[in-house]
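Okay, here's what each chain looks like letter by letter:
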Amino acid sequence: MEMAKTLMVNAYCRNRLSFSAIPKSSKSKFSFSKAMASGSSFCPPVPTQFRCRPISSFPISSQYLVSFKCFSAKASSSTPKDELPACIGFLGLGIMGSPMAQNLIKAGCDVTVWNRTKSKCDPVISLGAKYKSSPEEVAASCDVTFAMLADPDSAVEVACGNHGAAGGMSPGKGYVDISTVDVATSTLISSRMKSTGALYLEAPVSGSKKPAEDGQLIFLTAGDKSLYETAAPLLDIMGKSRFYLGDVGNGAAMKLVVNMIMGSMMASFSEGLLLSEKVGLDPSVLVEVISQGAISSPMYSMKGPSMVQSLYPTAFPLKHQQKDLRLALGLAESVSQPTPIAAAANELYKVAKSRGLSNQDFSAVIEALKVKLEQEK
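If you're wondering where the values come from, they're calculated on a predicted model, not measured in any experiment.

A. Just the layout of surface pockets, in detail. Volume-wise, the second largest pocket comes out at about 750 Å³. Only α6 (152-160) and α13 (318-334) provide two or more residues apiece to the lining of the second largest pocket. It is α13 that provides the largest number of residues to the lining of the second largest pocket, a total of five residues. Among the residues making up the lining of the second largest pocket, the classes are represented as 13 nonpolar, twelve polar and nine charged.

Quick look at the structure:
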């Protein structure tokens, strides 16, 4: 099935034939083990339709009282045939962006790239990508431009700054921001892109380095439905499933909630590993016990053995996890939702950052607890 899909995408990318989103039978099943095991995040199965409702008595801003539909890759495979974009732009070639762009190129797509540090473009250029010297030039030369940036400030600068992508946008073009940002940032970028007559889709990804390499990401999209349908075949090259969540801001909010849960889980797991060791148990056995019980998680099974050895190979940088926790806490504050566990986890990640662990994997948060234990001796 995967080989057949690749051959079909090759043909469409080269000849600009009409294309309907191809069902990815093996990818559209909601099996999130690989994404979570690599240390990023996961999105649980959701109903086809649902309405956001407050779960507390706190007043909620009307900004978030929206209803939206959620479509999986399987559900949206019946959409009308769309013409696959002839030229695809890609801005930001870091841990995530580079393998995603490479997958598009390997599928036969015409890709043009930009990155602040030009040397990071070399691997994709060697595969056949074109290079432009600014986001504006990339957007001007492409039908659909993807952006994968590290944080809200970078996302705004690349989209709206001097020689930013907005300068190259025009009616008929589309901008797909796959960065993890807050709702306000996504709304700002959307407004700027729409002012040019272009279409906008937010599509933050759930998954980290390995899922990005394997084309196993989960896309949480919101914005222009027509751009979602146009970009769907490209999302299917880079990911295993995709969700359409309605209005701009819903994709950003979903991603922040997911990463908030993940960061809290890792902090709690770290506490358990250290407690088991301090009372004389083997933390490696704890990892095995957890893997066979009701709280089993691919993230624990994948990260646990290396954490026991104090090794943290970077799949999802700790600084990005802390950023996402901070943004999630801001989202919670905007609707007066208490999040005491996430708030405590955020403080722990801040301690880890102060210890110089920003660029280590987010599992290195365990080192912040080791510091506290040493101080107590």
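So much for the structure itself; the text now carries on.
B. Representation of empty space enclosed by the protein. In total, this model carries one cavity of 30 Å³ or more according to the counting rule given. If you add up the space inside the largest cavity, you get close to 40 Å³. Contributing to the lining of the largest cavity are D177, S179, T180, V181, S186, Y200, E202, A203, P204 and A252. Here the residues of the lining of the largest cavity sort into five nonpolar, three polar and two charged.

C. Main features of the nonpolar core. In terms of nonpolar packing, the biggest core is built from 35 residues, with F90, M100, L104, F146, I178 and F219 touching the most fellow members. Of all elements in the fold, only β5 (87-91), α3 (97-106), β6 (110-114), β8 (144-147), β12 (217-223) and α9 (225-238) reach the threshold of two or more residues within this core. Ranked by residue count, the leading element in this core is α9, at seven residues. Setting aside residues no more than four positions away along its own chain, I178 makes contact with F90, M100, F146, A147, M148, A203, P204, V205 and F219.

D. Structural detail: a nonpolar patch on the surface. Together, L275, V279 and L281 give the surface a local cluster of nonpolar side chains, amounting to about 310 Å² of exposed area. Take L275: it is sitting in helix α10 (residues 250-278). In this structure L275 comes out as exposed when scored by relative accessible area, which is 55%.

E. Representation of unusual backbone geometry. Non-glycine residue S310 carries a positive phi angle of around 60°. Take S310: it is sitting in the loop between α12 (298-308) and α13. Exposure remark for S310: the relative accessible area of 34% places this residue in the partly exposed category. Phi angles above zero are rare outside glycine, and S336 is one such case at about 55°.

F. Region of interest: the pattern of salt bridges. Tallied over the full model, the rule gives nine salt bridges. K130 is the salt-bridge partner of D110, the closest N and O atoms lying 2.6 Å from each other. A residue pair is termed long-range when its members are at least 10 positions apart, and D110 in strand β6 and K130 in strand β7 (residues 130-131) qualify at 20 residues. Here R242 ties to D236 by a salt bridge, and the two come within 2.7 Å at their closest N and O atoms. For the pair R242 and D236, one class covers both residues: buried.

G. Broad picture of the packing of aromatic side chains. Under the definition given, this model contains five aromatic pairs. Judged by centre distance (5.1 Å) and plane angle (40°), the rings of Y228 and Y244 are tilted. A residue pair is termed long-range when its members are at least 10 positions apart, and Y228 in helix α9 and Y244 in strand β13 (residues 239-244) qualify at 16 residues. Like Y244, Y228 is buried. Here F269 and Y300 contribute two aromatic rings whose centre-to-centre distance is 4.3 Å and whose plane-to-plane angle is 20°, an arrangement assigned as stacked.

Thresholds applied
Throughout, a residue's number is its position along its own chain's written sequence, starting from 1. In keeping with the model being predicted, local features are shown solely for residues with a pLDDT of at least 70 and side-chain atom pairs are shown and tallied solely at 80 or more, while totals for entire chains, interfaces and linings include all residues. The basis for every side-chain value is the complete set of non-hydrogen atoms in the structure, without hydrogens or water. Cavities and pockets are found on a 1 Å grid laid over the protein atoms alone: a cavity is a set of points where a 1.4 Å probe fits but cannot escape, a pocket is an open set with protein on both sides within 12 Å along at least five of seven lines, and a lining residue has an atom within 4 Å of such a point. Grid points are joined across faces, edges and corners, and a volume is the space filled by probe spheres set on the points. Secondary structure is summarised from DSSP: a helix means a run of H or I of at least four residues, a strand means a run of E of at least two, and numbering begins at the N terminus for each. Residue polarity is assigned by list, with Asp, Glu, Lys and Arg as charged and Ala, Val, Leu, Ile, Met, Phe, Trp, Tyr, Cys and Pro as nonpolar; anything else, Gly included, falls into the polar class. As used here, the term nonpolar core means buried Ala, Val, Leu, Ile, Met, Phe, Trp, Tyr and Cys residues forming a set that is joined through side-chain atoms within 4.5 Å. Throughout this description, buried means an accessible area under 20% of the type-specific maximum (1.4 Å probe, protein chains only), exposed means over 50%, and partly exposed covers the range between. When checking whether two residues touch, look at their non-hydrogen atoms; a contact exists if any pair is within 4.5 Å. Patch membership requires more than 30% relative accessible area and the absence of a salt bridge. Residues of like charge join within 9 Å; the nonpolar side chains Val, Leu, Ile, Met, Phe, Trp and Tyr join within 5 Å. What sets the accessible areas is the Shrake-Rupley method with a 1.4 Å probe; for residues, cover comes only from the shown protein chains. Should a side-chain nitrogen of Lys or Arg be within 4 Å of a carboxyl oxygen of Asp or Glu, the pair is scored as a salt bridge. Any pair of Phe, Tyr and Trp rings, taking the six-membered ring for Trp, is counted once the centres come within 6.5 Å. Such a pair is stacked with planes under 30 degrees apart, edge-to-face with planes over 60 apart, and tilted for the rest.

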